[in-house]
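What follows is the residue order along each chain.
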Amino acid sequence: MRGAQLQRVTVWLLGAGLLLSACKGNAPTPTATPPPPTLPPIITRVVTPGPPPSPTPPPTPAYDISPIEGRWYLRVDVVITGSRLAGELRYNGALDLVVEGSGLVSGSGSFSPGILSPPCDARVVGGQLLSFIAQGTTFFDGPSLGIDVQLQPEDAQQSERYRLICPDYGDVREIEQPVLWPALSALARQDVGGAAFAGLHWRIPLRVGWTYAFSADLATLTDGALDGLLAVEVRPMRG
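Draft legend 1. Inspection of unusual backbone geometry at higher detail. Pro-118 connects to Pro-119 through a cis peptide bond whose omega is 5°. Counting through the fold element by element, Pro-119 comes out in the loop between strand E3 (104-116) and strand E4 (121-124). Positive phi outside glycine occurs at Asp-223, with the angle close to 55°. Along the polypeptide, Asp-223 turns up in the loop between helix H3 (218-221) and strand E13 (229-238).

As structure tokens, this is what we get:
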């Protein structure tokens, strides 16, 4: 009896071992995980920017600028006489400018106003200056070497202020309006001594010791907005 039981246990163990071997043989083979892709290295390169491009210089004039190159000074006197505003309005002006070897011209200046109107006591109120700049180029037309500039007022509508106290102090007149810039701006072209003046566009040969003088009727130029005789003198001098 014991021998039969031992025989059954042995058979059962052998069957269990065969069953386990079969199950193990049917298990799926695990799939290998591919390695992560290799990323290329990131290369950082610092690029130093080059210098900015140089501005293109203006073309060199085809004539010799050296006789007038450098600093110049223009004395400008403007007088308005016979106006209904006053007996005489006078403007003493100066323009300080530089002529460059490239042919460019630039500068700045101002006019100082004054007034006379006898027998009245006439005076400027506030002591204002009429400032402006000038920009342009040089020119050469054969015998003349000079500047062609445009005057640009700091304030083209700047009011000028004057007070006239007439005899016995019974007549006090106040003037407050633009005068100089409207008068010069209305100027029709005037040609004198090789120079040309058209409004605030002035073309002047630079000749030391020369005076360019002209006059014009303001009533005609301004359709009666201003009146009187406008007289202008311009004298170039070395700075």
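Draft legend 2. How the structure looks around the sheet that holds E4. Spatially, three strands are ordered E4-E7-E8 in an open sheet, and the strand pairing comes out antiparallel. Only two strands of the sheet have a single neighbouring strand rather than two, namely E4 and strand E8 (171-177). Pairs of neighbouring strands in the sheet enclose a mean axial angle of 15°, with direction left out of account. As paired strands, strand E7 (residues 160-166) and E8 are joined by seven bridges and run antiparallel to one another. Along E8, the bridge assignment pairs Arg-163 with Glu-174.

Draft legend 3. A look at the nonpolar core. Counting 50 residues, the largest nonpolar core has Leu-74, Val-78, Tyr-91, Val-99, Phe-111, Ile-147 and Phe-197 as the members making the most contacts within it. Dropping the residues within four chain positions of it, Tyr-91 is found in contact with Val-76, Asp-77, Val-78, Ile-80, Phe-111, Ser-112, Pro-113, Leu-130, Glu-160, Tyr-162, Val-179 and Leu-180.

Draft legend 4. Looking closely at the pairing of E7. In terms of residue burial, E7 counts as a mostly covered element, since five of its seven residues are buried. The hairpin turn running from E7 into E8, its antiparallel successor, is four residues long, and Asp-168 in that turn takes a positive phi close to 65°.

Draft legend 5. The packing of aromatic side chains, seen in detail. Inspection of every chain in the model, using the stated rule, returns seven aromatic pairs. With a centroid separation of 5.8 Å and 80° between ring planes, the pair formed by Phe-111 and Trp-181 is classed as edge-to-face. Highlighted residues: Phe-111 in strand E3 and Trp-181 in helix H2 (residues 180-185), separated in sequence by 70 residues. For the pair Phe-111 and Trp-181, a shared accessibility class is recorded, and that class is buried. Across from the ring centre of Phe-139, 3.7 Å away, lies the NZ or CZ of Arg-203, which sits over that ring. Above the plane of the ring of Trp-210 lies Arg-207, whose end atom (NZ or CZ) is 4.2 Å from the centre.

Quick notes on the rules
- Each chain carries its own residue numbering, running from 1 in the direction its sequence is written.
- In view of the model being predicted, local features appear only for residues whose pLDDT reaches at least 70, and side-chain atom pairs are presented and counted only at 80 or more, with totals across whole chains, interfaces and linings using the full set of residues.
- The side-chain numbers reported here are obtained from all heavy atoms of the structure, hydrogens and water having been left aside.
- The helix count covers DSSP runs of H or I at least four residues long, the strand count covers runs of E at least two residues long, and both are numbered beginning at the N terminus.
- By definition, two strands form a pair when at least two bridges between them are found by DSSP.
- Each axis is a line fitted through C-alpha atoms, taken for helices only over the stretch in contact, and angles between the N-to-C directions span 0 to 180 degrees.
- Buried residues of nine kinds, namely Ala, Val, Leu, Ile, Met, Phe, Trp, Tyr and Cys, make up a nonpolar core once their side-chain atoms join them within 4.5 Å.
- Three labels apply to residues, based on accessible area from a 1.4 Å probe with only protein chains included: buried if under 20% of the type maximum, exposed if over 50%, partly exposed otherwise in between.
- Contacts between residues were defined by any pair of non-hydrogen atoms, one from each residue, lying within 4.5 Å.
- Geometry of aromatic contacts follows a simple scheme: Phe, Tyr and Trp rings, the Trp one being its six-membered ring, pair when their centres are within 6.5 Å, and the pair is stacked under 30 degrees between planes, edge-to-face over 60, tilted otherwise.
- Consider the ring centre and the ring normal. A charge sits over the ring if Lys NZ or Arg CZ is within 6 Å of that centre and within 35 degrees of that normal.

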